[in-house]
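# An overview of the molecular structure
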Amino acid sequence: MVPQNWIQLLEPDLYLPGSVLSITPQLIQQYQVQGMIFDVDDTIVSTRTQDVSPDVAQWIQEIKPLVRIALVSNNLKHSRIRRVAKRLEVPYYFGAGKPSRRSLRKALVQMDLQPHQVAMVGDRLFTDVLAGNRLGMLSILVDPIHPPQVSVTKTGLLRAFEIWLSRRLGASISNKVQQPSSP
């Protein structure tokens, strides 16, 4: 039996069906978020593409006036994460080893914010949600961002397994669903 507090660490505070683009200015204001830390691979940019889509780039520019932003990725390929961060003009940390909190803490220091003021946004329970919850951040789970021609990826299968396993352990995301509001 897994202790209840461990199960709760796997539960996002909020699950938004759809990609990261489902996060609206209204949602940011509703949760009084002052900073956002984003996972990169399959959250900001698909692992199947090299560059940030114009939609994501525009969306980041729209929310920048509302919150401080940083990217924290487990990806070890510095050039990939640097390229994404440079395109979005935001600070970044690569090779983070999430659910380790080390890089999240560095991002918090850079943002000059406390964990309760920041949302950790990602597509994975056992890395992004777990890391954010371990620090007391607002954890937001989003669906992976993929090009239209891609239906299932290796990371998509891993994500499905994480959700299945977390449910078997007693965690739930179904009561954390918020339908995106219209702008």
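Just so it is clear, the structure is predicted and the values come from calculations on it, not from any experiment.

About the criteria used
Residues numbered from 1 in each chain as written. Predicted model: local features only at pLDDT ≥ 70, side-chain atom pairs only at ≥ 80, totals over all residues. Heavy atoms only, no water. Core = buried A, V, L, I, M, F, W, Y, C linked by side-chain atoms within 4.5 Å. Buried < 20%, exposed > 50% of the residue type's maximum accessible area, 1.4 Å probe, protein only. Helix = DSSP H or I, 4+ residues; strand = E, 2+ residues; numbered from the N terminus. Contact = heavy atoms within 4.5 Å. Arc of directions from axis to C-beta. Pairing = 2+ DSSP bridges. Right-handed = clockwise from strand over helix to strand, strands pointing away. Phe/Tyr/Trp six-rings, centres within 6.5 Å; stacked < 30°, edge-to-face > 60°.

We now examine the nonpolar core. With 32 residues, the main nonpolar core has Ile23, Met36, Phe38, Ile44 and Ile140 as its most contacted residues. When contributions to this core are tallied by element, the ones reaching two or more residues are strand S1 (14-16), helix H2 (25-30), strand S2 (35-38), helix H3 (54-63), strand S3 (68-72), helix H4 (78-88), strand S5 (118-122) and strand S6 (138-142). For Ile44, the residues in contact, after removing those within four places along its chain, are Val20, Phe38, Asp39, Val56, Trp59, Ile60, Leu71, Val84, Leu88 and Ile145. Val72, Ala96, Leu104 and Val118 belong to the second-largest nonpolar core, a separate cluster that totals 15 residues.

Here we take up H3. Of the positions making up H3, those classed as buried are Val56, Ala57, Trp59, Ile60 and Ile63. Down the axis, H3 shows its buried residues gathered within 165° of arc, on one side only. For H3, the exposed residues lying more than 90 degrees away from the buried face are Pro54 and Asp55. Residues of H3 that are buried in the fold lie against H2, S2, S3 and H4.

Counting buried positions along S5 gives 5 out of 5 residues, so the element sits mostly inside the fold. Across the two faces of S5 the burial is the same, with Val118, Met120 and Gly122 and Ala119 and Val121 all buried. Pairing analysis gives 4 bridges linking S2 to S5, with the strands arranged parallel. Counted as the bridge partner of Gly35 is Val118 from S5. Handedness of the crossover joining S5 and S6 through helix H6 (residues 125-135): right-handed.

A few words now on the side chain of Ser139. Its place among the elements puts Ser139 in strand S6. Among residues more than four places away in sequence, those in contact with Ser139 are Glu11, Pro12, Asp13, Leu14, Met120, Val129 and Asn133.

This part takes up the packing of aromatic side chains. On inspection of all chains with the given rule, the structure shows 1 aromatic pair. Seen in terms of ring centroids, Phe38 and Trp59 are 5.6 Å apart; in terms of plane orientation they differ by 75°. Their pairing is edge-to-face. Of the two residues, Phe38 is situated in strand S2 and Trp59 in helix H3; the sequence distance between them amounts to 21 residues. Here Phe38 and Trp59 have matching classes, each one buried.

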